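Observations on the model geometry
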Amino acid sequence: MTTGKPPARTGRTPLIDDLVEVASVETVVRLDGRPGRLAELVVTDDVAAVLGEVLAATAGGGAFFLVAHFGAGKSHLLAALAELFGEPPEGAAAGPAVAGRPAGPVEATGASLSG
């Protein structure tokens, strides 16, 4: 398999960079309204718990406040929630109401995403 990297220099111990090619990935989620964030969401136990809290809080018109460490996925979760609660794209069939709540903007309980 060709990695596109030059061969490791001989006469020295190889570095990790000589042995592994790291793919370039998007690590920052831009809240630009791009569709597909919900499908990209990785649902861990923590994310499932937070989703349950958010859906419960917003079912009655309530709000939520999300707190987590840097890199825990707050922006990705919020982008997915915005897609879940937002208006369907033009030409798309409207989905069912979420937890008895019609689609629309989400206001801002205290969900915590660990990570």
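Anything mentioned here points back to the structure above.
Along each chain, numbering runs from 1 in the same order as the chain's sequence is written. The predicted nature of this model means local features are confined to residues of pLDDT at least 70 and side-chain atom pairs, given and counted, to a pLDDT of 80 or more, with totals for whole chains, interfaces and linings taken over all residues. For side-chain calculations, the full set of non-hydrogen atoms in the structure is used, while hydrogens and water are omitted.

Re the packing of helix 3 (residues 45-59) against helix 4 (residues 74-85)
Angular values range over 0 to 180 degrees, each being the angle between N-to-C directions of two axes fitted as lines to C-alpha atoms, with helices fitted over their stretch in contact. Starting at the N terminus, helices and strands are each numbered in turn, a helix being any DSSP run of H or I of at least four residues and a strand any DSSP run of E of at least two. Their axes nearest at 12 Å, the elements helix 3 and helix 4 cross at an angle of 45°. Judged on the interaxial angle alone, helix 4 and helix 3 are oblique. Here helix 3 and helix 4 pass one another in a crossing that is right-handed. Here Val47, Val50, Leu51, Val54, Leu55 and Thr58 of helix 3 lie close against helix 4, whose contacting residues are Leu77, Leu81, Leu84 and Phe85. Class assignment for the residues of the contact of helix 3 with helix 4 results in nine nonpolar, one polar and no charged. Should an angle fall under 35 degrees it is taken as roughly parallel, and over 145 as roughly antiparallel, whereas 65 to 115 is taken as roughly perpendicular and any remaining angle as oblique. Should the near helix be turned anticlockwise from the far one by less than a right angle, the crossing is termed left-handed; should it be turned clockwise, right-handed. Residues count as neighbours in contact if any of their non-hydrogen atoms are within 4.5 Å of one another. Only Asp, Glu, Lys and Arg are considered charged in this grouping, and only Ala, Val, Leu, Ile, Met, Phe, Trp, Tyr, Cys and Pro are considered nonpolar; every other residue, Gly among them, is considered polar.

Some details on helix 3
A rise of 1.5 Å per residue sets the reference length of helix 3, with its 15 residues, at 21 Å; its end C-alpha atoms lie 21 Å apart and thus fit the reference within 8%. Those residues of helix 3 not exposed but buried are Val47, Val50, Leu51, Val54, Ala57 and Thr58. Buried residues of helix 3 fall within an arc of 135° about the axis and therefore sit on the same side. Opposite its buried face, helix 3 presents the exposed residues Asp45 and Ala56, each directed more than 90 degrees away. Immediately beyond the C-terminal end of helix 3, within one or two residues, lies Gly61, with a positive phi of roughly 85°. Expected span of a helix, by definition, is 1.5 Å for each gap between consecutive residues, and there is one gap fewer than residues. Only protein chains enter the accessibility calculation, which uses a 1.4 Å probe; a residue whose area is less than 20% of its type maximum is buried, one above 50% is exposed, and one in between is partly exposed. As used here, the arc belongs to the directions running from the helix axis to the C-beta atoms.

Here's the deal with the pattern of salt bridges
Any carboxyl oxygen of Asp or Glu that lies within 4 Å of a side-chain nitrogen of Lys or Arg is treated as forming a salt bridge with it. Tallied over the entire structure, the rule returns two salt bridges. Put simply, Arg12 and Asp18 hold a salt bridge, and the shortest N to O gap is 2.9 Å. By relative accessible area, Arg12 is classed as partly exposed at 30%. Across the pair Glu40 and Arg37 runs a salt bridge whose closest N-O atoms are separated by 3.4 Å. Here Glu40 pairs with Arg37, and both are found in helix 2 (residues 37-40), just three residues apart, close to one helical turn. Given a relative accessible area of 35%, Glu40 falls into the partly exposed group.

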